[in-house]
Amino acid sequence: MITRVVKLTFRPGTEPEFQAIVNATAPVIRTFAGCIQMNAYADVVQSNVYFTISTWENEEALNNYRNSDFFIEVWGRTKALFANKAEAWSLSQVV
């Protein structure tokens with residue numbers, strides 16, 4: 001099992017557009033084969049910084065999602081709102 005953490009920094013004022021994207025797409029992401037859970041979080045200090053945290057059965061399941069037409073389309077719309085390049089980490093639980 002792996003956890004994927006992605007930090008997203010948006011141009012100020014585009015947060016509502018991202019929230020609309022994530023609200024519409026999260027239910028679909030959660031149905032992808034191998035997705036255990038997916039949630040989005042807003043930073044409590046910087047209102048234009050968000051994190052997505054998803055848990056996947058394995059790296060293959062995550063990569064299948066990341067290579068899907070759905071991801072490519074959603075990522076393109078999301079990326080257009082960025083103030084900075086996204087940062088991402090794939091983690092395995094140790095405790």
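Refer to the structure above for everything that follows.
Residues numbered from 1 in each chain as written. Predicted model: local features only at pLDDT ≥ 70, side-chain atom pairs only at ≥ 80, totals over all residues. Heavy atoms only, no water.

## Re the overall build of the protein
Note the threshold: Labels follow the DSSP assignment, with helices taken as runs of H or I lasting at least four residues and strands as runs of E lasting at least two, numbered in each case from the N terminus. Each residue's exposure class comes from its accessible area (1.4 Å probe, protein chains only) as a fraction of the maximum for that residue type: buried when under 20%, exposed when over 50%, partly exposed otherwise. In these tables, accessible area is a Shrake-Rupley quantity obtained with a 1.4 Å probe, and a residue counts as shielded only by the protein chains included in the view. Charge counting treats Lys and Arg as positive and Asp and Glu as negative, with His and both chain ends excluded. For this purpose, a charge sits on NZ of Lys, CZ of Arg, CG of Asp or CD of Glu.
Each helix and strand counted, the protein has 3 helices and 4 strands in total. In sequence order, the secondary structure elements of the protein are arranged as β-α-β-β-α-α-β. Here the C-alpha coordinates of the protein stretch approximately 35 × 30 × 20 Å along the principal axes. A buried classification covers 36% of the 95 residues belonging to the protein. For the protein, the accessible area works out to roughly 5900 Å², and carbon and sulfur atoms hold 53% of it. In the protein, 8 side chains carry a positive charge and 9 a negative one; their mean positions are 5 Å apart.

## Side note on the sheet that holds strand β3 (residues 49-56)
To keep it simple, the criterion reads: Only strands that DSSP links by at least two bridges are regarded as paired with each other. The angle between two axes is taken between their N-to-C directions and runs from 0 to 180 degrees, where each axis is a line fitted to C-alpha atoms and a helix contributes only its stretch in contact. Whether two residues are in contact is decided by their heavy atoms: any pair within 4.5 Å suffices.
What the 4 strands build is an open sheet, ordered β2-β3-β1-β4; its pairing is antiparallel. A strand with exactly one partner marks an edge of an open sheet, and here the two such strands are β2 (35-42) and β4 (87-91). On average, each strand axis in the sheet is inclined to that of its neighbour by 15°, with strand direction left out of account. Across 8 bridges, strand β1 (residues 2-9) lies against β3 in antiparallel orientation. Looking at β3, one finds that L8 is bridged to Y50. Sitting on the sheet, helix α1 (residues 15-29) is in contact with β1, β2 and β3, with an inclination near 165° to β2. Here helix α2 (residues 59-66) sits on the sheet and contacts β1, β3 and β4; the angle it forms with β1, its principal contact strand, is near 40°.

## Digging into the nonpolar core
Cut-off, in case you're wondering: Take the buried Ala, Val, Leu, Ile, Met, Phe, Trp, Tyr and Cys residues and link them wherever side-chain atoms come within 4.5 Å; each set so joined is a nonpolar core.
In terms of nonpolar packing, the biggest core is built from 20 residues, with L8, F10, F18, I29, M38, W56 and Y65 touching the most fellow members. Secondary-structure elements contributing two or more residues to this core are β1, α1, β2, β3, α2 and α3 (69-79). At 5 residues, the largest contribution of residues to this core is made by α1. Discounting chain neighbours no more than four positions away, the residues touching F18 are L8, F10, Y50, T78 and L81.

## Quick notes on the environment of T31
What counts, and what does not: Any pair of N or O atoms that falls within 3.5 Å is considered a polar contact. Within protein, one atom must be able to donate a hydrogen and the other to accept it, and sequence-neighbouring residues count only if both atoms are side-chain atoms.
Checked against the element boundaries, T31 lands in the loop between α1 and β2. T31 sits in the exposed class, given a relative accessible area of 62%. A distance of 2.6 Å separates a polar atom in the side chain of T31 from the backbone oxygen of V28.

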